[in-house]
Amino acid sequence: MEYGDADSYGIYGQLTTGNDGGLICHECGQERAFLGRHVRVHGLTAATYRERHGLGRSTPLASEDLRGRLGEKATARVGSPAWGRFEAARDTDAARQESVRVWREEPPRPQTRHARAAKAVSVSRSRKPRWCGVDGCGRRHVADGLCRTHYERRKRKGDVQADIPVRARKGGPQRS
């Protein structure tokens, strides 16, 4: 399906506004002020609804009227007595200390950390080794198609200086 094609009760890639200012559901054609909650009736999440009907991930599923009213309510709360109590009770340092305390009591399970590390190693080992792009250099690629020595030379001098030999490292990897 392409952008602009007819899509059930709407247009693929677009939200349609009804006569009363609500949004038209692509699945059933009902007009709703907030589709995010309504799409659950169809067994969808907001994300799957957006994906199924070609809407962007940041496309709001609330009507313009509802978004305006919610924005006004939020703005009205700023500076109110309740806002002052919220600001007074908010202590970012205490929250940070609490999260550190919880982490120390129940740190991530070692198996999880080990599994992540093992996966990273297996991925890096499954890749085909890449070699330095300078002719005659048998070292492994580090960045920009160059080994560390040639990369550093280019960074410092502006040239890889291929005519100057690279000192062989004891036990260093050699291309075969």
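Our structure is the block above this text.
Conventions and cut-offs
Residues numbered from 1 in each chain as written. Predicted model: local features only at pLDDT ≥ 70, side-chain atom pairs only at ≥ 80, totals over all residues. Heavy atoms only, no water. Helix = DSSP H or I, 4+ residues; strand = E, 2+ residues; numbered from the N terminus. Buried < 20%, exposed > 50% of the residue type's maximum accessible area, 1.4 Å probe, protein only. Contact = heavy atoms within 4.5 Å. Areas by Shrake-Rupley, 256 points an atom, 1.4 Å probe, with all protein chains shown as cover. Phe/Tyr/Trp six-rings, centres within 6.5 Å; stacked < 30°, edge-to-face > 60°. Core = buried A, V, L, I, M, F, W, Y, C linked by side-chain atoms within 4.5 Å. Patch = residues over 30% accessible without salt bridge, like charges linked within 9 Å, V, L, I, M, F, W, Y side chains within 5 Å. Salt bridge = Lys/Arg side-chain N within 4 Å of Asp/Glu carboxyl O. Lys, Arg positive; Asp, Glu negative; His and termini not counted. Polar contact = N/O pair within 3.5 Å; in protein donor to acceptor, adjacent residues only side chain to side chain. Disulfide = S-S within 2.5 Å.

**A few points about the overall build of the protein chain**
Then, number 1: Within the protein chain one finds seven helices and four strands.
Then, number 2: The linear arrangement of helices and strands in the protein chain, starting from the amino end, is β-β-β-β-α-α-α-α-α-α-α.
Then, number 3: Counting only residues that meet the buried cut, the protein chain has 19% of its 176 residues in that class.
Then, number 4: Here the contacts in the protein chain between residues at least 6 apart in sequence split such that 30% fall between residues at least 24 apart.
Then, number 5: Split by element, the accessible area of the protein chain, about 13,700 Å² in all, is 50% carbon and sulfur.

**Focus: unusual backbone geometry**
Then, number 1: Despite not being glycine, Asp-144 shows a phi value in the positive range, around 50°.
Then, number 2: When you line up the elements, Asp-144 lands in the loop between α6 (110-126) and α7 (148-157).
Then, number 3: Asp-144 gets classed as exposed once you look at its relative accessible area, which sits at 53%.
Then, number 4: One non-glycine residue with positive phi stands out, namely Gln-161, at about 50°.
Then, number 5: With respect to the secondary-structure elements, Gln-161 resides in the segment after α7.

**Considering the packing of aromatic side chains**
Then, number 1: Summed over the entire model, instances satisfying the criterion amount to one aromatic pair.
Then, number 2: Centroid distance Trp-83 to Phe-86: 5.4 Å. Interplanar angle 45°. Geometry classified as tilted. Highlighted residues: Trp-83 and Phe-86, both in helix α4 (residues 81-89), separated by three residues, approximately one helical turn.
Then, number 3: Among the residues examined, Phe-86 registers a relative accessible area of 41% and is labelled partly exposed.

**Some words on the nonpolar core**
Then, number 1: Residues Leu-23, Cys-25, Leu-35, Val-39, Leu-44, Tyr-49, Leu-55 and Leu-61 constitute the largest nonpolar core, which totals eight residues.
Then, number 2: Apart from residues no more than four positions distant in its own chain, Leu-35 is found in contact with Leu-15, Leu-23, Ile-24, Cys-25, Tyr-49 and Leu-61.
Then, number 3: Counting six residues, the second-largest nonpolar core is a separate cluster that includes Cys-132, Leu-146, Cys-147 and Val-160.

**Details of the side chain of His-150**
Then, number 1: Along the chain, the position of His-150 falls in helix α7.
Then, number 2: According to the relative accessible area criterion, His-150 is buried, its value standing at 2%.
Then, number 3: Dropping the residues within four chain positions of it, His-150 is found in contact with Cys-132, Val-134, Cys-137, Val-160 and Val-166.

**Details of the environment of Arg-140**
Then, number 1: For Arg-140, the location among the structural elements is in the loop between α6 and α7.
Then, number 2: The exposure class of Arg-140 is partly exposed, given its relative accessible area of 43%.
Then, number 3: When the C-alpha positions of Arg-140 and Arg-130 are compared, they lie 6.0 Å apart, and in sequence the two are 10 residues distant.

**Thoughts on a nonpolar patch on the surface**
Then, number 1: A surface patch of nonpolar side chains, amounting to about 280 Å² of accessible area, comprises Val-78, Trp-83 and Phe-86.
Then, number 2: Tracing the backbone shows Val-78 in the loop between α3 (64-77) and α4.

**Focus on the side chain of Arg-139**
Then, number 1: Tracing the backbone shows Arg-139 in the loop between α6 and α7.
Then, number 2: Among buried Asp, Glu, Lys and Arg side chains, Arg-139 stands out as unpaired, with Glu-152 the closest opposite charge at 11 Å.
Then, number 3: At 2.8 Å, the side chain of Arg-139 and the side chain of Thr-149 are in polar contact.

**Describing the state of the cysteines**
Then, number 1: Taken as a whole, this structure holds zero disulfides when the rule is applied.
Then, number 2: Of the cysteine sulfurs around Cys-28, a residue in no disulfide, the closest is that of Cys-25, at 3.8 Å.
Then, number 3: The exposure class of Cys-28 is partly exposed, given its relative accessible area of 24%.
Then, number 4: Free of any disulfide, Cys-137 has its nearest neighbouring cysteine sulfur in Cys-147, separated by 3.7 Å.

Everything listed here is a matter of geometry and, on its own, says nothing about what the molecule does.
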